[in-house]
Amino acid sequence: MKMSFRWYGDSDPVTLEYIRQIPGMYSIVSAIYDIPVGEVWDEGSIAALVKKVEDAGLKLDVIESVPVHEDIKLGKPSRDRYLANYCQTIRNLAKYGIKVICYNFMPVFDWLRSDLDYKLDDNSSALIFRQAEVDAMNPRTSDLSLPGWDSSYTKDGLNKLLDEYKDIDADKLWENFAYFLNAIIPVCDEVDMKMAIHPDDPPWPIFGLPRIITGADSYDKMIEICPSINNGFTVCTGSLGASPANDLPAIIRKYGDRAHFIHLRNIKITDDHCFEESAHLSSCGSLDMYEIMKAMSEIGFDMYVRPDHGRMIWGEKGRPGYGLFDRALGATYINGLWEAIDKNAKAGGKA
């Protein structure tokens, strides 16, 4: 298991220096944020990012993420140009030692929450999702400011994009996703790049838009479309775990050879389609982190993990879900669990 940490570049208040001081930290997960979606990531920008991370005493093996242009998801005629650009970006990243690309195929929005600063009982603040509150939002008329919102959209541009998705149901989105996979995975096979799709977050439709990467059935369908081992997954325990139908240890045991990246975090399910993001400990939420990591040990997991969304604690202010303190605590907890499970397994005991 290789411990990593998400870093949002020079504008991130969590510096590489601070991240380096977390015990057991191996690598950085980052991206290039000033290149428009759909354009090629040039070698100079990639080389500069790799050097900055390595100069801080860390590695840059995982990119999260290379965004997929909406024209590809919509299946528009322009998608072939954007797919050619995506393939060239894969080649460029491989040239500079990148081993895994995390990405998603969620229409319009990335991960979505109804509140970014919800006060928990201990007076920390966390991200939460309440279905009724999301249902009351209207992305066409509201001034939403959410992590999954692309602020580059004008109101007219967003409304036009939502109109274009009126004819895209889950079957059509799967068709367009298959086209994407069949275009990029042969390039990944050439350069030995692992693609790791992030599950939809939350794993159900929002604002009438389809979401298709929601659990084991989705993974089966992906493998059927494109059986290459480079066609893999980011197993995000918080995203998949929001649905009680997802047995996370079973998913890891079944698809472990394709789990190129794992996001480890806990959530507390509070109602149907409602959850709070909690501290990482099993006792703080609805997920058994010990059993999840025990499954990772059983399959001999040796790829990348990172502590995912953290609470804001100890007065910290910053990017919602991506402060330093709680994610650092999460990394330490994860490393402690892993050491105990690993030593017990090597001693022949029962974890």
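Given the structure is predicted, the values throughout are model-derived calculations rather than measurements.

Caption draft 1: Local environment of the nonpolar core. In this structure, Tyr86, Tyr103, Phe177, Phe180, Met195 and Met296 are the most contacted members of the largest nonpolar core, which totals 100 residues. Sorting elements by how many residues they give to this core places helix H7 (residues 170-191) first, with 9 residues. Non-local contacts of Tyr103, meaning those with residues more than four positions away in its chain, are made with Ser65, Val66, Val68, Tyr86, Phe177, Phe180, Leu181, Met195, Ala196, Ile197, His198 and Met222.

Caption draft 2: Examining the packing of helix H4 (residues 79-95) against H7 more closely. Running from N to C, H4 and H7 point in directions that differ by 30°, and their axes come no closer than 10 Å. The angle between H4 and H7 falls in the class roughly parallel. Handedness of the crossing formed by H4 with H7: right-handed. Along the contact surface, H4 presents Arg79, Asp80, Leu83, Tyr86, Cys87, Ile90, Arg91 and Ala94, while H7 presents Asn176, Tyr179, Phe180, Ala183, Ile184, Val187, Cys188, Glu190 and Val191. Residue composition of the contact of H4 with H7, grouped by class: 12 nonpolar, 1 polar and 4 charged.

Caption draft 3: The arrangement of the environment of Asp201 in detail. Relative to the helices and strands, Asp201 resides in the loop between strand E7 (194-197) and helix H8 (216-225). Counting along the chain gives 43 residues from Asp201 to Leu158, while the straight-line C-alpha distance between them is 20 Å. Apart from the residues lying within four places of it in its own chain, the contact partners of Asp201 are Met106, Asp110, Trp111, Leu112, Arg113, Arg211, Ser239, Arg265, Phe275 and His309. Polar side-chain contacts of Asp201 include one of 3.2 Å to the side chain of Arg265.

Caption draft 4: Representation of H4 within the structure. Taking 1.5 Å of rise per residue, the 17 residues of H4 would be expected to cover 24 Å, and the 24 Å separating its terminal C-alpha atoms lies within 8% of that figure. Residues Arg79, Tyr82, Leu83, Asn85, Tyr86, Cys87, Thr89, Ile90, Asn92 and Leu93 constitute the buried set of H4. Packing partners of the buried residues in H4 comprise helix H2 (43-55), strand E3 (59-64), helix H3 (70-74), strand E4 (100-103), H7 and E7. The first or second residue beyond H4 is Gly97, which carries a positive phi of 90°.

The rules behind these values
- Residues numbered from 1 in each chain as written.
- Predicted model: local features only at pLDDT ≥ 70, side-chain atom pairs only at ≥ 80, totals over all residues.
- Heavy atoms only, no water.
- Core = buried A, V, L, I, M, F, W, Y, C linked by side-chain atoms within 4.5 Å.
- Buried < 20%, exposed > 50% of the residue type's maximum accessible area, 1.4 Å probe, protein only.
- Helix = DSSP H or I, 4+ residues; strand = E, 2+ residues; numbered from the N terminus.
- Contact = heavy atoms within 4.5 Å.
- Axes fitted to C-alpha atoms, helices over the stretch in contact; angles between N-to-C directions.
- Parallel < 35°, antiparallel > 145°, perpendicular 65-115°, else oblique.
- Left-handed = near helix turned anticlockwise from the far one by under 90°.
- Nonpolar A, V, L, I, M, F, W, Y, C, P; charged D, E, K, R; others polar.
- Polar contact = N/O pair within 3.5 Å; in protein donor to acceptor, adjacent residues only side chain to side chain.
- Expected span 1.5 Å × (residues − 1).

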